[in-house]
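Breakdown of the fold
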Amino acid sequence: MADRILVAYATRMGATEGVAEAIGKTLAEGGVQVDVLPMKEVVDLSPYAAVVAGSAIRGGQWLPEVLQFIRAHQSELRSKPFAAFLVCMTMAMSKPEYRQYVGNWMEPVRALVPPLSEGLFAGVLDVRKVPSFSDRIKFRISVLMGVWKEGDHRDWEAIRTWAEELRPLLQ
């Protein structure tokens, strides 16, 4: 098995893909080979010494394909270094007390394969890209009420720092 790391992700509007790519780039700066792939494209974990899995969060839930992926590869993920990250707008909310709940959203993953490290990151809010009309209305009202601000809330420095701290744990 090569000294290769997989960063697999699931996204709905692209913010999680950007986070996964930044994690992969930072890990690769340490001299290891890194593949950053959408989770649905990954079928075999045997080429990888370690795996990092990430998901967008919708309504406090991991995307279904992520939990399916972890269930399908559970025994293999338990036998190699495994880390997980999530991307959600709750991390960007104006009231920081809401952020305390975000860590709890890791519980379904922890129950299947305990990650050696967890990354919790804010995402991007572009109300125009929200697919459901009713959800767009809810987000617009929330923005008007000051719950969220539209825009890119990803903290690239925090993402890079997490990946740098993660690197020795995965090797």
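Up top is the structure.
I will try to describe carefully the structure that is included in this document. Because the structure is a prediction, the values reported are computed rather than measured.

To continue, consider the overall build of the chain. Along the chain, the regular secondary structure elements total six helices and eight strands. In sequence order, the secondary structure elements of the chain are arranged as β-α-β-β-β-α-α-β-α-β-β-α-β-α. Projecting the C-alpha coordinates of the chain onto the three principal axes gives extents of approximately 50 × 30 × 25 Å. Burial statistics for the chain: of 171 residues in total, 47% are counted as buried.

One pass over the structure, following the stated rule, counts seven salt bridges. When the shortest N-O distance is used, the salt bridge between R110 and E107 registers 3.1 Å. Pair noted here: R110 and E107 are both in helix α4 (residues 107-112), with a separation of three residues, about one helical turn. Note that E157 and R160 form a salt bridge whose closest N and O atoms lie 3.5 Å from each other.

Structurally, T16 can be placed in helix α1 (residues 15-28). A relative accessible area of 1% means that T16 is categorised as buried. In this structure, the C-alpha to C-alpha distance between T16 and I70, residues 54 residues apart in sequence, is 17 Å. Sequence-distant contacts of T16, that is, excluding residues within four places in its chain, are made with Y9, A10, T11, G54, S55, A56, F85 and V87. In terms of polar contacts, T16 uses its side chain to reach the backbone amide nitrogen of A56, at 3.4 Å.

Applying the stated rule across the entire model yields three aromatic pairs. Both rings, one in F85 and one in F121, keep their centres 6.4 Å apart while their planes meet at 55 degrees; by these two values the pair is tilted. A residue pair is termed long-range when its members are at least 10 positions apart, and F85 in strand β5 (residues 82-87) and F121 in strand β6 (residues 118-121) qualify at 36 residues. Note on F121: relative accessible area 6%, which makes it buried.

Residues spaced three or four apart along an α-helix face the same direction, because each turn holds 3.6 residues. If you check helix α5 (residues 133-144), its first and last C-alpha atoms are 17 Å apart, about what twelve residues at 1.5 Å a residue would give, namely 16 Å. In the segment just after α5, G146 is the residue with positive phi, at about 85 degrees.

If you look at the biggest cluster of nonpolar residues, it comprises 28 residues, and the most contacted ones within it are W62, I70, L77, F82 and L86. For this core, the secondary-structure elements that each account for two or more residues are β1 (4-10), β3 (50-58), α2 (64-72), β5 and α4. If near-sequence neighbours (up to four positions away) are discounted, L77 is found in contact with L45, V51, F69, I70, F82 and V113. Among the nonpolar cores identified, the runner-up in size contains 22 residues, and Y9, F85, I159 and L170 belong to it.

Below, the discussion takes up the pairing of β1. The element β1 is largely enclosed, with a buried count of six among its seven residues. Crossover connection from β1 via α1 to parallel strand β2 (residues 33-38): handedness right-handed. In the sheet, β1 pairs with β3 via six bridges, with the strands oriented parallel. Bridged to V7 within β3 is V52.

Right, let's get into the environment of A50. Summarising the element assignment, A50 is placed in strand β3. For A50, a relative accessible area of 0% puts it in the buried group. Residues A50 and R4, 46 residues apart in the sequence, show an inter-C-alpha distance of 7.0 Å. Other than its neighbours up to four places away in sequence, A50 contacts R4, I5, L6, K80, P81 and L170.

Parameters and conventions
Residues numbered from 1 in each chain as written. Predicted model: local features only at pLDDT ≥ 70, side-chain atom pairs only at ≥ 80, totals over all residues. Heavy atoms only, no water. Helix = DSSP H or I, 4+ residues; strand = E, 2+ residues; numbered from the N terminus. Buried < 20%, exposed > 50% of the residue type's maximum accessible area, 1.4 Å probe, protein only. Salt bridge = Lys/Arg side-chain N within 4 Å of Asp/Glu carboxyl O. Contact = heavy atoms within 4.5 Å. Polar contact = N/O pair within 3.5 Å; in protein donor to acceptor, adjacent residues only side chain to side chain. Phe/Tyr/Trp six-rings, centres within 6.5 Å; stacked < 30°, edge-to-face > 60°. Expected span 1.5 Å × (residues − 1). Core = buried A, V, L, I, M, F, W, Y, C linked by side-chain atoms within 4.5 Å. Right-handed = clockwise from strand over helix to strand, strands pointing away. Pairing = 2+ DSSP bridges.

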